[in-house]
Amino acid sequence: MALTLKDLLGSSTLRLRLIAPETLSQDALADEITWVHSSDLPDPTPFLDRGQLLLTDGSQFPPDGSGLGREDEYVGRLVEHGIRGLGFATQVLHETIPAQLTEACRARGLPLIEVPDRTPFIAIIRFAADWIAREQHAQAEWSLQAQRAIARAALRPDGLTSILGEMERQLRCWVALFDGAGNYMRMPVNTPVPSGLLPGVTAAARAALERGERAVVRPEIDGEEILLQTLGRRNRLRGALVLGGLEALDPARTDIVNSVIALASLALEQTRSLDTARQLLRAGVFEQLLAGRSDVARNTARQVWGRLPPDPVVLTLARPVGQRENLLEALELLSDDHRGAVFYAPREADVVVLAAPAQQAKVLDVLGRYGAAAGVSDGTPFAMLPEALGEAERALARAVELERAVVEFSETAERGMLGLLRSEQARPVALSLLQPLLHDEQGDGGQLLRAVTVWLAHNCAWERAATQLGVHRHTLRNRIDAAGRALGLNLDTLHDRLELWAAVQFLDPETTTAP
(Lines give C-alpha, C1' and ligand atoms only; values in the text may rest on other atoms or scores of the structure.)
Protein backbone atom coordinates (compact mmCIF):
# COMPACT_ATOMS: atom_id res chain seq x y z
CA MET A 1 0.00 0.00 0.00
CA ALA A 2 1.14 3.54 -0.73
CA LEU A 3 2.44 5.78 2.05
CA THR A 4 -0.23 8.12 3.46
CA LEU A 5 -0.58 10.83 6.10
CA LYS A 6 -2.39 8.29 8.24
CA ASP A 7 0.69 6.06 8.21
CA LEU A 8 3.00 8.91 9.23
CA LEU A 9 0.70 10.15 11.98
CA GLY A 10 0.25 6.60 13.25
CA SER A 11 3.98 5.96 13.70
CA SER A 12 4.91 5.78 17.38
CA THR A 13 8.59 6.40 16.64
CA LEU A 14 8.03 9.65 14.75
CA ARG A 15 5.58 11.12 17.29
CA LEU A 16 4.04 13.52 14.78
CA ARG A 17 0.92 15.48 15.74
CA LEU A 18 -1.78 17.00 13.53
CA ILE A 19 -2.32 20.68 14.37
CA ALA A 20 -4.63 21.97 11.64
CA PRO A 21 -7.21 21.27 10.46
CA GLU A 22 -8.08 19.60 13.74
CA THR A 23 -9.84 16.77 11.89
CA LEU A 24 -9.11 15.37 8.41
CA SER A 25 -11.45 13.44 6.13
CA GLN A 26 -10.70 9.81 5.37
CA ASP A 27 -9.87 10.80 1.79
CA ALA A 28 -7.28 13.33 2.95
CA LEU A 29 -5.75 10.80 5.37
CA ALA A 30 -5.60 8.23 2.54
CA ASP A 31 -3.93 10.52 -0.02
CA GLU A 32 -0.66 9.02 -1.25
CA ILE A 33 2.57 10.74 -0.21
CA THR A 34 5.11 10.22 -2.97
CA TRP A 35 8.11 11.60 -1.06
CA VAL A 36 9.21 13.75 1.88
CA HIS A 37 11.32 16.87 1.25
CA SER A 38 12.74 19.54 3.56
CA SER A 39 13.23 23.19 2.68
CA ASP A 40 13.23 26.58 4.42
CA LEU A 41 12.94 28.64 1.23
CA PRO A 42 10.20 31.28 1.09
CA ASP A 43 9.01 29.57 -2.11
CA PRO A 44 10.17 25.93 -2.35
CA THR A 45 7.59 24.89 -4.99
CA PRO A 46 10.05 24.97 -7.94
CA PHE A 47 11.90 22.10 -6.23
CA LEU A 48 8.85 20.03 -5.22
CA ASP A 49 6.53 17.59 -7.00
CA ARG A 50 2.82 17.08 -6.45
CA GLY A 51 1.96 14.65 -3.69
CA GLN A 52 5.00 15.37 -1.50
CA LEU A 53 5.17 16.25 2.20
CA LEU A 54 7.23 19.36 2.97
CA LEU A 55 9.25 19.71 6.19
CA THR A 56 10.53 23.07 7.49
CA ASP A 57 12.01 24.54 10.68
CA GLY A 58 10.38 27.90 9.94
CA SER A 59 13.48 30.03 9.29
CA GLN A 60 11.53 31.81 6.54
CA PHE A 61 9.23 33.13 9.29
CA PRO A 62 11.47 35.21 11.63
CA PRO A 63 10.53 34.88 15.33
CA ASP A 64 10.59 38.68 15.69
CA GLY A 65 7.49 38.88 13.50
CA SER A 66 9.15 40.82 10.66
CA GLY A 67 7.70 38.38 8.16
CA LEU A 68 4.15 38.75 9.42
CA GLY A 69 1.57 38.37 6.66
CA ARG A 70 3.64 36.10 4.43
CA GLU A 71 2.14 32.93 5.86
CA ASP A 72 -1.05 33.02 3.81
CA GLU A 73 0.83 33.50 0.52
CA TYR A 74 3.25 30.72 1.48
CA VAL A 75 0.48 28.22 2.25
CA GLY A 76 -1.43 29.26 -0.89
CA ARG A 77 1.56 28.39 -3.10
CA LEU A 78 1.89 24.96 -1.45
CA VAL A 79 -1.80 24.17 -1.94
CA GLU A 80 -1.79 25.24 -5.59
CA HIS A 81 1.28 23.06 -6.20
CA GLY A 82 -0.46 19.97 -4.79
CA ILE A 83 1.61 19.51 -1.62
CA ARG A 84 0.01 16.91 0.68
CA GLY A 85 1.01 18.52 3.98
CA LEU A 86 3.44 20.75 5.89
CA GLY A 87 5.58 19.42 8.74
CA PHE A 88 6.82 22.18 11.09
CA ALA A 89 9.68 21.55 13.55
CA THR A 90 9.11 23.09 16.97
CA GLN A 91 11.65 23.91 19.69
CA VAL A 92 14.31 24.54 17.04
CA LEU A 93 13.84 28.15 15.86
CA HIS A 94 10.24 28.46 17.07
CA GLU A 95 8.99 27.19 20.42
CA THR A 96 5.56 26.70 18.87
CA ILE A 97 4.07 26.91 15.41
CA PRO A 98 3.28 30.54 14.49
CA ALA A 99 -0.41 31.26 14.95
CA GLN A 100 -0.66 32.99 11.56
CA LEU A 101 0.71 29.87 9.84
CA THR A 102 -1.73 27.64 11.72
CA GLU A 103 -4.64 29.86 10.71
CA ALA A 104 -3.53 29.94 7.05
CA CYS A 105 -3.31 26.12 6.92
CA ARG A 106 -6.70 25.79 8.58
CA ALA A 107 -8.26 28.23 6.11
CA ARG A 108 -6.67 26.54 3.08
CA GLY A 109 -7.26 22.97 4.27
CA LEU A 110 -3.53 22.12 4.17
CA PRO A 111 -2.63 19.52 6.86
CA LEU A 112 -0.17 21.11 9.32
CA ILE A 113 1.87 18.61 11.33
CA GLU A 114 4.03 19.36 14.37
CA VAL A 115 7.47 17.71 14.31
CA PRO A 116 8.88 17.61 17.87
CA ASP A 117 12.51 18.49 18.45
CA ARG A 118 13.42 14.90 19.23
CA THR A 119 12.34 13.77 15.74
CA PRO A 120 14.97 14.69 13.13
CA PHE A 121 13.85 15.29 9.57
CA ILE A 122 16.08 12.48 8.36
CA ALA A 123 14.09 10.01 10.46
CA ILE A 124 10.87 11.02 8.66
CA ILE A 125 12.58 10.86 5.26
CA ARG A 126 14.06 7.44 6.06
CA PHE A 127 10.66 6.19 7.24
CA ALA A 128 9.15 7.27 3.91
CA ALA A 129 12.03 5.77 1.89
CA ASP A 130 11.76 2.41 3.66
CA TRP A 131 7.99 2.34 3.22
CA ILE A 132 8.20 3.14 -0.50
CA ALA A 133 10.97 0.55 -0.98
CA ARG A 134 8.83 -2.14 0.70
CA GLU A 135 5.88 -1.16 -1.49
CA GLN A 136 7.97 -1.36 -4.66
CA HIS A 137 9.34 -4.76 -3.63
CA ALA A 138 5.83 -6.01 -2.87
CA GLN A 139 4.62 -4.78 -6.27
CA ALA A 140 7.52 -6.49 -8.02
CA GLU A 141 6.81 -9.73 -6.17
CA TRP A 142 3.09 -9.50 -6.93
CA SER A 143 3.82 -8.80 -10.60
CA LEU A 144 6.12 -11.81 -10.83
CA GLN A 145 3.56 -14.14 -9.23
CA ALA A 146 0.76 -12.74 -11.39
CA GLN A 147 2.82 -13.20 -14.56
CA ARG A 148 3.52 -16.80 -13.57
CA ALA A 149 -0.17 -17.44 -12.92
CA ILE A 150 -1.13 -16.04 -16.33
CA ALA A 151 1.60 -18.07 -18.03
CA ARG A 152 0.26 -21.25 -16.39
CA ALA A 153 -3.27 -20.31 -17.49
CA ALA A 154 -2.06 -19.96 -21.08
CA LEU A 155 -0.95 -23.62 -21.05
CA ARG A 156 -4.43 -24.94 -20.21
CA PRO A 157 -6.65 -26.40 -22.95
CA ASP A 158 -9.03 -23.41 -22.73
CA GLY A 159 -6.08 -21.02 -22.80
CA LEU A 160 -7.82 -17.79 -23.72
CA THR A 161 -10.66 -18.27 -21.25
CA SER A 162 -8.21 -19.15 -18.48
CA ILE A 163 -6.00 -16.15 -19.25
CA LEU A 164 -8.89 -13.73 -18.99
CA GLY A 165 -10.17 -15.40 -15.83
CA GLU A 166 -6.73 -15.11 -14.22
CA MET A 167 -6.58 -11.46 -15.24
CA GLU A 168 -9.90 -10.83 -13.49
CA ARG A 169 -8.61 -12.45 -10.31
CA GLN A 170 -5.33 -10.58 -10.30
CA LEU A 171 -6.73 -7.13 -11.11
CA ARG A 172 -10.08 -7.62 -9.32
CA CYS A 173 -12.06 -6.33 -12.30
CA TRP A 174 -14.36 -7.65 -15.04
CA VAL A 175 -12.95 -8.46 -18.48
CA ALA A 176 -14.83 -8.67 -21.79
CA LEU A 177 -13.56 -9.89 -25.14
CA PHE A 178 -15.12 -8.88 -28.48
CA ASP A 179 -14.32 -10.52 -31.81
CA GLY A 180 -13.33 -8.62 -34.94
CA ALA A 181 -17.00 -8.12 -35.84
CA GLY A 182 -17.75 -6.46 -32.50
CA ASN A 183 -19.65 -9.43 -31.07
CA TYR A 184 -19.39 -10.06 -27.33
CA MET A 185 -17.58 -13.37 -26.76
CA ARG A 186 -19.13 -14.60 -23.53
CA MET A 187 -16.65 -16.69 -21.54
CA PRO A 188 -18.52 -19.30 -19.47
CA VAL A 189 -16.38 -19.03 -16.32
CA ASN A 190 -15.62 -15.31 -16.40
CA THR A 191 -17.49 -12.45 -14.77
CA PRO A 192 -20.05 -11.10 -17.27
CA VAL A 193 -20.21 -7.44 -18.19
CA PRO A 194 -22.77 -5.70 -15.94
CA SER A 195 -26.04 -5.85 -17.85
CA GLY A 196 -26.59 -2.10 -17.63
CA LEU A 197 -23.21 -1.41 -19.21
CA LEU A 198 -23.26 -4.06 -21.95
CA PRO A 199 -25.00 -1.97 -24.68
CA GLY A 200 -22.64 0.96 -24.17
CA VAL A 201 -19.55 -1.27 -23.95
CA THR A 202 -20.59 -3.10 -27.15
CA ALA A 203 -21.12 0.19 -28.99
CA ALA A 204 -17.71 1.47 -27.85
CA ALA A 205 -15.99 -1.75 -28.95
CA ARG A 206 -17.64 -1.70 -32.38
CA ALA A 207 -16.77 1.97 -32.88
CA ALA A 208 -13.11 1.29 -32.06
CA LEU A 209 -13.01 -1.74 -34.38
CA GLU A 210 -14.63 0.16 -37.25
CA ARG A 211 -11.78 2.68 -37.16
CA GLY A 212 -9.40 -0.17 -37.98
CA GLU A 213 -6.57 1.19 -35.81
CA ARG A 214 -4.59 -0.26 -32.91
CA ALA A 215 -5.66 1.97 -30.06
CA VAL A 216 -6.24 2.28 -26.33
CA VAL A 217 -9.28 4.34 -25.34
CA ARG A 218 -10.84 5.09 -21.97
CA PRO A 219 -14.51 5.96 -22.60
CA GLU A 220 -16.86 6.63 -19.71
CA ILE A 221 -20.07 4.61 -19.79
CA ASP A 222 -22.83 5.34 -17.29
CA GLY A 223 -20.33 7.01 -14.98
CA GLU A 224 -17.79 4.16 -15.08
CA GLU A 225 -14.49 4.52 -16.91
CA ILE A 226 -13.45 1.46 -18.88
CA LEU A 227 -10.19 0.54 -20.60
CA LEU A 228 -10.59 -0.64 -24.20
CA GLN A 229 -7.70 -2.04 -26.24
CA THR A 230 -8.07 -3.21 -29.85
CA LEU A 231 -6.20 -6.39 -30.77
CA GLY A 232 -4.43 -7.28 -34.00
CA ARG A 233 -2.76 -5.29 -36.74
CA ARG A 234 -3.88 -2.10 -38.43
CA ASN A 235 -6.79 -2.78 -40.81
CA ARG A 236 -6.73 -6.43 -39.67
CA LEU A 237 -8.05 -6.13 -36.13
CA ARG A 238 -8.93 -9.42 -34.46
CA GLY A 239 -11.01 -8.08 -31.61
CA ALA A 240 -11.10 -5.80 -28.58
CA LEU A 241 -10.33 -6.35 -24.90
CA VAL A 242 -12.35 -4.33 -22.39
CA LEU A 243 -11.61 -3.95 -18.67
CA GLY A 244 -13.99 -2.39 -16.16
CA GLY A 245 -14.12 -1.83 -12.41
CA LEU A 246 -10.36 -1.23 -12.38
CA GLU A 247 -8.28 0.32 -9.65
CA ALA A 248 -5.64 2.81 -10.77
CA LEU A 249 -3.14 1.07 -13.06
CA ASP A 250 0.34 1.26 -11.56
CA PRO A 251 3.35 -0.03 -13.58
CA ALA A 252 2.94 -3.58 -12.25
CA ARG A 253 -0.74 -3.77 -13.22
CA THR A 254 0.03 -2.17 -16.57
CA ASP A 255 2.55 -4.95 -17.23
CA ILE A 256 -0.15 -7.55 -16.52
CA VAL A 257 -2.55 -5.85 -18.94
CA ASN A 258 0.12 -5.71 -21.66
CA SER A 259 0.97 -9.38 -21.18
CA VAL A 260 -2.65 -10.45 -21.48
CA ILE A 261 -3.13 -8.28 -24.57
CA ALA A 262 -0.15 -9.99 -26.23
CA LEU A 263 -1.41 -13.48 -25.32
CA ALA A 264 -4.99 -12.69 -26.36
CA SER A 265 -3.77 -11.32 -29.71
CA LEU A 266 -1.78 -14.51 -30.30
CA ALA A 267 -4.74 -16.69 -29.37
CA LEU A 268 -7.05 -14.79 -31.71
CA GLU A 269 -4.50 -15.06 -34.55
CA GLN A 270 -4.40 -18.82 -34.02
CA THR A 271 -8.18 -18.91 -33.99
CA ARG A 272 -8.25 -16.95 -37.24
CA SER A 273 -5.94 -19.52 -38.87
CA LEU A 274 -8.32 -22.28 -37.83
CA ASP A 275 -11.27 -20.25 -39.10
CA THR A 276 -9.60 -19.90 -42.50
CA ALA A 277 -9.23 -23.67 -42.71
CA ARG A 278 -12.87 -24.15 -41.69
CA GLN A 279 -14.02 -21.67 -44.33
CA LEU A 280 -12.16 -23.59 -47.01
CA LEU A 281 -13.89 -26.73 -45.77
CA ARG A 282 -17.25 -24.92 -45.89
CA ALA A 283 -16.58 -23.91 -49.50
CA GLY A 284 -15.84 -27.54 -50.32
CA VAL A 285 -19.07 -28.72 -48.69
CA PHE A 286 -21.10 -26.22 -50.72
CA GLU A 287 -19.45 -27.30 -53.98
CA GLN A 288 -20.35 -30.90 -53.13
CA LEU A 289 -23.96 -29.82 -52.67
CA LEU A 290 -23.95 -28.06 -56.04
CA ALA A 291 -22.54 -31.18 -57.69
CA GLY A 292 -25.38 -33.26 -56.27
CA ARG A 293 -23.21 -35.21 -53.83
CA SER A 294 -25.39 -34.28 -50.89
CA ASP A 295 -24.56 -37.40 -48.82
CA VAL A 296 -20.87 -36.53 -48.72
CA ALA A 297 -21.65 -32.90 -47.94
CA ARG A 298 -24.12 -33.76 -45.17
CA ASN A 299 -21.75 -36.23 -43.51
CA THR A 300 -18.87 -33.75 -43.57
CA ALA A 301 -21.01 -30.93 -42.21
CA ARG A 302 -22.48 -33.13 -39.48
CA GLN A 303 -19.03 -34.03 -38.14
CA VAL A 304 -17.79 -30.43 -38.03
CA TRP A 305 -20.79 -28.10 -37.57
CA GLY A 306 -23.83 -30.31 -37.14
CA ARG A 307 -26.59 -31.02 -39.63
CA LEU A 308 -27.38 -28.78 -42.60
CA PRO A 309 -30.66 -26.84 -42.77
CA PRO A 310 -33.61 -29.00 -43.86
CA ASP A 311 -35.49 -28.58 -47.16
CA PRO A 312 -36.59 -26.10 -48.32
CA VAL A 313 -33.77 -23.60 -47.88
CA VAL A 314 -33.38 -19.98 -48.92
CA LEU A 315 -30.12 -19.31 -50.73
CA THR A 316 -28.64 -15.83 -50.26
CA LEU A 317 -25.65 -14.69 -52.29
CA ALA A 318 -23.94 -11.69 -50.65
CA ARG A 319 -21.18 -9.41 -51.88
CA PRO A 320 -19.27 -7.72 -49.02
CA VAL A 321 -18.07 -4.17 -49.57
CA GLY A 322 -15.05 -3.82 -47.31
CA GLN A 323 -15.49 -5.90 -44.15
CA ARG A 324 -15.45 -9.42 -45.55
CA GLU A 325 -13.48 -10.96 -42.66
CA ASN A 326 -15.71 -9.37 -40.05
CA LEU A 327 -18.80 -10.50 -41.97
CA LEU A 328 -17.53 -14.09 -42.04
CA GLU A 329 -16.95 -13.96 -38.28
CA ALA A 330 -20.48 -12.67 -37.74
CA LEU A 331 -21.91 -15.45 -39.92
CA GLU A 332 -19.84 -17.98 -37.98
CA LEU A 333 -21.46 -16.82 -34.76
CA LEU A 334 -24.91 -16.84 -36.37
CA SER A 335 -24.43 -20.40 -37.62
CA ASP A 336 -23.23 -21.45 -34.15
CA ASP A 337 -26.27 -19.87 -32.51
CA HIS A 338 -28.64 -21.58 -35.00
CA ARG A 339 -27.00 -24.93 -35.69
CA GLY A 340 -28.98 -26.93 -38.19
CA ALA A 341 -30.75 -23.83 -39.50
CA VAL A 342 -27.96 -21.66 -40.99
CA PHE A 343 -24.94 -22.66 -43.07
CA TYR A 344 -22.60 -20.30 -44.91
CA ALA A 345 -19.63 -20.68 -47.22
CA PRO A 346 -17.28 -18.25 -48.97
CA ARG A 347 -17.49 -18.40 -52.78
CA GLU A 348 -14.73 -16.42 -54.47
CA ALA A 349 -15.41 -12.75 -53.61
CA ASP A 350 -18.97 -13.50 -52.47
CA VAL A 351 -20.53 -15.36 -49.57
CA VAL A 352 -23.39 -17.84 -49.92
CA VAL A 353 -25.78 -18.53 -47.05
CA LEU A 354 -28.26 -21.40 -46.79
CA ALA A 355 -30.92 -20.76 -44.18
CA ALA A 356 -34.24 -22.11 -43.05
CA PRO A 357 -36.98 -19.59 -43.93
CA ALA A 358 -37.52 -18.82 -40.24
CA GLN A 359 -33.92 -17.61 -39.88
CA GLN A 360 -33.73 -15.60 -43.11
CA ALA A 361 -34.48 -12.29 -41.39
CA LYS A 362 -31.50 -12.78 -39.07
CA VAL A 363 -29.26 -13.55 -42.06
CA LEU A 364 -30.31 -10.32 -43.77
CA ASP A 365 -29.79 -8.39 -40.53
CA VAL A 366 -26.17 -9.58 -40.32
CA LEU A 367 -25.54 -8.81 -44.00
CA GLY A 368 -27.04 -5.36 -43.61
CA ARG A 369 -24.85 -4.62 -40.60
CA TYR A 370 -21.78 -4.91 -42.83
CA GLY A 371 -23.23 -3.20 -45.87
CA ALA A 372 -23.22 -6.29 -48.10
CA ALA A 373 -25.44 -6.36 -51.20
CA ALA A 374 -27.52 -9.54 -51.38
CA GLY A 375 -29.59 -11.52 -53.84
CA VAL A 376 -32.13 -13.97 -52.43
CA SER A 377 -33.54 -17.05 -54.14
CA ASP A 378 -36.97 -18.58 -53.68
CA GLY A 379 -37.25 -21.45 -51.22
CA THR A 380 -35.80 -24.55 -52.84
CA PRO A 381 -34.88 -28.19 -52.10
CA PHE A 382 -31.21 -29.17 -52.09
CA ALA A 383 -31.75 -31.12 -55.30
CA MET A 384 -32.38 -27.81 -57.12
CA LEU A 385 -29.56 -25.86 -55.47
CA PRO A 386 -27.85 -24.92 -58.79
CA GLU A 387 -31.10 -23.31 -59.97
CA ALA A 388 -31.40 -21.44 -56.66
CA LEU A 389 -27.83 -20.20 -57.03
CA GLY A 390 -28.71 -18.90 -60.49
CA GLU A 391 -31.72 -17.07 -59.10
CA ALA A 392 -29.60 -15.51 -56.34
CA GLU A 393 -26.94 -14.48 -58.85
CA ARG A 394 -29.49 -12.67 -61.01
CA ALA A 395 -31.03 -10.99 -57.98
CA LEU A 396 -27.60 -9.95 -56.69
CA ALA A 397 -26.69 -8.46 -60.07
CA ARG A 398 -29.90 -6.43 -59.93
CA ALA A 399 -29.20 -5.32 -56.36
CA VAL A 400 -25.74 -4.08 -57.37
CA GLU A 401 -27.15 -2.35 -60.44
CA LEU A 402 -29.86 -0.56 -58.44
CA GLU A 403 -27.58 0.03 -55.42
CA ARG A 404 -30.03 -1.77 -53.18
CA ALA A 405 -29.15 -3.79 -50.10
CA VAL A 406 -31.36 -6.77 -50.96
CA VAL A 407 -33.25 -7.95 -54.06
CA GLU A 408 -35.34 -11.10 -53.99
CA PHE A 409 -35.64 -13.19 -57.11
CA SER A 410 -39.42 -13.13 -56.79
CA GLU A 411 -39.35 -9.37 -57.47
CA THR A 412 -37.90 -9.91 -60.92
CA ALA A 413 -39.75 -13.14 -61.68
CA GLU A 414 -43.29 -12.35 -60.49
CA ARG A 415 -43.59 -8.60 -60.89
CA GLY A 416 -41.38 -8.22 -63.94
CA MET A 417 -38.67 -5.66 -64.55
CA LEU A 418 -41.11 -2.79 -64.63
CA GLY A 419 -42.46 -3.75 -61.24
CA LEU A 420 -38.91 -3.76 -59.92
CA LEU A 421 -38.40 -0.30 -61.39
CA ARG A 422 -41.57 0.93 -59.68
CA SER A 423 -40.28 -0.35 -56.38
CA GLU A 424 -37.25 1.87 -56.93
CA GLN A 425 -39.51 4.93 -57.35
CA ALA A 426 -38.52 5.57 -60.95
CA ARG A 427 -41.43 7.98 -61.48
CA PRO A 428 -39.31 11.11 -60.85
CA VAL A 429 -36.85 9.96 -63.53
CA ALA A 430 -39.70 9.34 -66.02
CA LEU A 431 -41.24 12.74 -65.39
CA SER A 432 -37.85 14.36 -65.87
CA LEU A 433 -37.48 12.67 -69.27
CA LEU A 434 -40.99 13.75 -70.36
CA GLN A 435 -40.75 17.27 -68.96
CA PRO A 436 -40.39 18.95 -72.39
CA LEU A 437 -43.83 17.57 -73.35
CA LEU A 438 -45.44 18.12 -69.96
CA HIS A 439 -44.34 21.76 -69.72
CA ASP A 440 -44.21 22.95 -73.33
CA GLU A 441 -44.51 26.78 -73.43
CA GLN A 442 -46.13 26.79 -76.93
CA GLY A 443 -48.98 24.59 -75.80
CA ASP A 444 -48.20 21.68 -78.14
CA GLY A 445 -46.76 19.43 -75.43
CA GLY A 446 -50.12 17.88 -74.50
CA GLN A 447 -50.91 17.11 -78.14
CA LEU A 448 -47.49 15.52 -78.71
CA LEU A 449 -47.73 13.50 -75.48
CA ARG A 450 -51.17 12.20 -76.49
CA ALA A 451 -49.81 11.21 -79.92
CA VAL A 452 -46.82 9.40 -78.37
CA THR A 453 -48.98 7.52 -75.86
CA VAL A 454 -51.50 6.26 -78.45
CA TRP A 455 -48.72 5.37 -80.91
CA LEU A 456 -46.88 3.28 -78.29
CA ALA A 457 -50.13 1.65 -77.16
CA HIS A 458 -50.62 0.41 -80.75
CA ASN A 459 -47.07 -1.06 -80.82
CA CYS A 460 -45.94 1.88 -83.02
CA ALA A 461 -48.41 0.98 -85.81
CA TRP A 462 -49.03 4.21 -87.73
CA GLU A 463 -52.45 3.50 -89.33
CA ARG A 464 -54.21 2.24 -86.21
CA ALA A 465 -52.78 5.01 -84.00
CA ALA A 466 -53.71 7.72 -86.54
CA THR A 467 -57.26 6.33 -86.80
CA GLN A 468 -57.73 6.49 -83.01
CA LEU A 469 -56.39 10.04 -82.93
CA GLY A 470 -58.51 11.07 -85.96
CA VAL A 471 -55.55 12.44 -87.93
CA HIS A 472 -53.70 11.47 -91.08
CA ARG A 473 -50.79 9.09 -90.58
CA HIS A 474 -48.41 11.75 -91.99
CA THR A 475 -49.65 14.18 -89.35
CA LEU A 476 -49.01 11.53 -86.71
CA ARG A 477 -45.49 10.95 -88.04
CA ASN A 478 -44.80 14.68 -87.88
CA ARG A 479 -45.99 14.78 -84.27
CA ILE A 480 -43.85 11.77 -83.31
CA ASP A 481 -40.80 13.36 -84.94
CA ALA A 482 -41.50 16.61 -83.10
CA ALA A 483 -41.82 14.73 -79.80
CA GLY A 484 -38.50 12.94 -80.44
CA ARG A 485 -36.73 16.24 -81.12
CA ALA A 486 -38.21 17.80 -77.98
CA LEU A 487 -37.13 14.79 -75.87
CA GLY A 488 -33.72 14.37 -77.48
CA LEU A 489 -34.60 10.83 -78.66
CA ASN A 490 -34.30 9.14 -82.02
CA LEU A 491 -37.63 7.32 -82.18
CA ASP A 492 -36.61 5.43 -85.31
CA THR A 493 -34.42 3.23 -83.02
CA LEU A 494 -35.70 0.44 -80.78
CA HIS A 495 -33.56 1.59 -77.84
CA ASP A 496 -35.09 5.07 -77.71
CA ARG A 497 -38.61 3.76 -78.33
CA LEU A 498 -38.23 1.44 -75.34
CA GLU A 499 -36.85 4.32 -73.26
CA LEU A 500 -39.90 6.39 -74.10
CA TRP A 501 -42.30 3.50 -73.55
CA ALA A 502 -40.89 2.83 -70.06
CA ALA A 503 -41.19 6.50 -69.12
CA VAL A 504 -44.82 6.72 -70.28
CA GLN A 505 -45.79 3.84 -67.97
CA PHE A 506 -45.27 6.09 -64.95
CA LEU A 507 -47.67 8.82 -66.06
CA ASP A 508 -51.07 9.21 -64.42
CA PRO A 509 -53.91 7.88 -66.67
CA GLU A 510 -55.61 11.28 -66.83
CA THR A 511 -52.38 12.83 -68.15
CA THR A 512 -52.15 10.46 -71.13
CA THR A 513 -55.85 10.41 -72.03
CA ALA A 514 -56.43 14.15 -72.18
CA PRO A 515 -57.59 15.32 -75.67
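About the criteria used
Numbers given for residues are sequential positions, taken from 1 along each chain in its written order. Confidence filtering applies because this is a predicted model: local features only for residues at pLDDT of at least 70, side-chain atom pairs given and counted only at 80 or more, and all residues used for totals across whole chains, interfaces and linings. In computing side-chain properties, one takes all heavy atoms of the structure into account and sets aside hydrogens as well as water. By definition, two strands form a pair when at least two bridges between them are found by DSSP. Here a strand is any run of E in DSSP of at least two residues, a helix any run of H or I of at least four, and the numbering for each starts at the N terminus. Every axis in this analysis is a line fitted to C-alpha atoms, fitted for helices over the stretch in contact. Angles between the N-to-C directions lie between 0 and 180 degrees. Every residue pair with non-hydrogen atoms within 4.5 Å of one another is taken to be in contact. When describing relative orientation, an angle under 35 degrees is termed roughly parallel and one over 145 degrees roughly antiparallel, while 65 to 115 degrees is termed roughly perpendicular and anything else oblique. Helix crossings get a hand from a simple test, with the near helix turned counterclockwise from the far one by less than a right angle marking a left-handed crossing and a clockwise turn marking a right-handed one. When a residue's accessible area, from a 1.4 Å probe over protein chains only, is under 20% of the maximum for its type it is buried; when over 50% it is exposed; and in between it is partly exposed. Only the six-membered ring of Trp is used, alongside the rings of Phe and Tyr, when aromatic pairs are assigned; centres must lie within 6.5 Å, and planes under 30 degrees apart are stacked while those over 60 apart are edge-to-face, with the rest tilted. Geometrically, a lysine NZ or arginine CZ counts as sitting over a ring once it is within 6 Å of the ring centre and also within 35 degrees of the ring normal. Each residue carries a pLDDT score, the predictor's own confidence in it, on a scale running from 0 to 100. We call Asp, Glu, Lys and Arg charged. Ala, Val, Leu, Ile, Met, Phe, Trp, Tyr, Cys and Pro are nonpolar, and the rest, Gly among them, are polar.

1. Focus: the sheet that holds strand β15 (residues 373-376)
Read from one edge to the other, the open sheet built from five strands follows the order β13-β14-β12-β15-β16, with strand pairing classed as mixed. Both edges of this open sheet fall to β13 (342-347) and β16 (406-408), since each of them pairs with a single strand only. Within the sheet, the average angular offset between the axes of one strand and its neighbour, ignoring direction, is 20°. As paired elements, β13 and strand β14 (residues 350-355) share six bridges and run antiparallel to each other. Its bridge partner being in β14, Arg347 is matched across the sheet by Asp350. Contacting β12 (314-319), β13, β14, β15 and β16, helix α11 (residues 360-369) crosses the sheet at an angle of about 0° to β12. Of the strands in this sheet, β12, β13, β14, β15 and β16 touch helix α12 (residues 385-402), which is tilted by about 40° from β12.

2. Some remarks on the packing of helix α15 (residues 427-438) against helix α19 (residues 494-504)
Following both chains from N to C, one finds α15 and α19 inclined at 115°, their axes separated by 8 Å at the closest point. In terms of orientation, α15 lies roughly perpendicular with respect to α19. As for how α15 packs across α19, the hand of that crossing is left-handed. Between α15 and α19, the contacting residues are Ala430, Leu433 and Leu434 on the first element and Glu499, Leu500, Ala503 and Val504 on the second.

3. As for the pairing of β12
On a regular strand, one side chain projects to one face of the sheet and the next to the other, so that they alternate. Within β12, five of the six residues are buried, which leaves the element mostly enclosed by the surrounding structure. With five bridges joining them, β12 and β14 adopt antiparallel strand pairing. What sits directly across from Thr316, in β14, is Val353. In the sheet, β12 pairs with β15 via four bridges, with the strands oriented antiparallel.

4. Some thoughts on the packing of aromatic side chains
Tallying each qualifying case throughout the model produces five aromatic pairs. Ring centres 5.1 Å apart and planes at 90° place the aromatic pair Phe61 and Tyr74 in the edge-to-face group. One end of the pair, Phe61, is in the loop between β3 (52-56) and α3 (70-80); the other, Tyr74, is in helix α3, with 13 residues separating them in the sequence. This pair shows no difference in class: Phe61 is buried, exactly as Tyr74 is. Between Trp455 and Trp462 the ring centres are 5.1 Å apart and the planes differ by 35°, which places this aromatic pair in the tilted class. Of the residues examined, Trp462 reaches a relative accessible area of 19% and is grouped as buried. Directly above the aromatic system of Trp305 lies the positively charged group of Arg282, at a separation of 4.4 Å from the ring centroid. Its guanidinium or amino end placed over the ring of Phe382, Arg298 lies 4.6 Å from that ring's centre, counting from NZ or CZ.

5. Comments concerning the sheet that holds strand β6 (residues 174-179)
Ordered in space as β6-β11-β10-β7, the four strands form an open sheet in which the pairing is antiparallel. With one partner strand each, in any of the chains shown, β6 and β7 (216-217) form the two edges of the open sheet. The pairing of β7 with strand β10 (residues 227-233) spans two bridges and is classified as antiparallel. Bridged to Val217 within β10 is Leu228. Contacts from helix α7 (residues 198-211) reach β6, β7, β10 and β11 (236-244), with the element oriented near 150° to β11.

6. Examining the confidence of the model for the protein chain
Here the protein chain averages 84 in pLDDT, while 88% of its residues score no lower than 70. Of all the helices and strands in the protein chain, helix α14 (residues 416-423) carries the lowest mean pLDDT, 50, while β3 carries the highest, 97.

7. Observations regarding the packing of α15 against helix α18 (residues 473-487)
Contact geometry of α15 with α18 gives a least axis separation of 9 Å together with a crossing angle of 125°. With respect to α18, the axis of α15 lies oblique. Remark: the crossing between α15 and α18 carries right-handed chirality. Listed contacts from α18 to Leu433, Leu434, Pro436 and Leu437 of α15 are Ala483, Ala486 and Leu487. Tallied by class, residues from the contact of α15 with α18 come to seven nonpolar, no polar and no charged.

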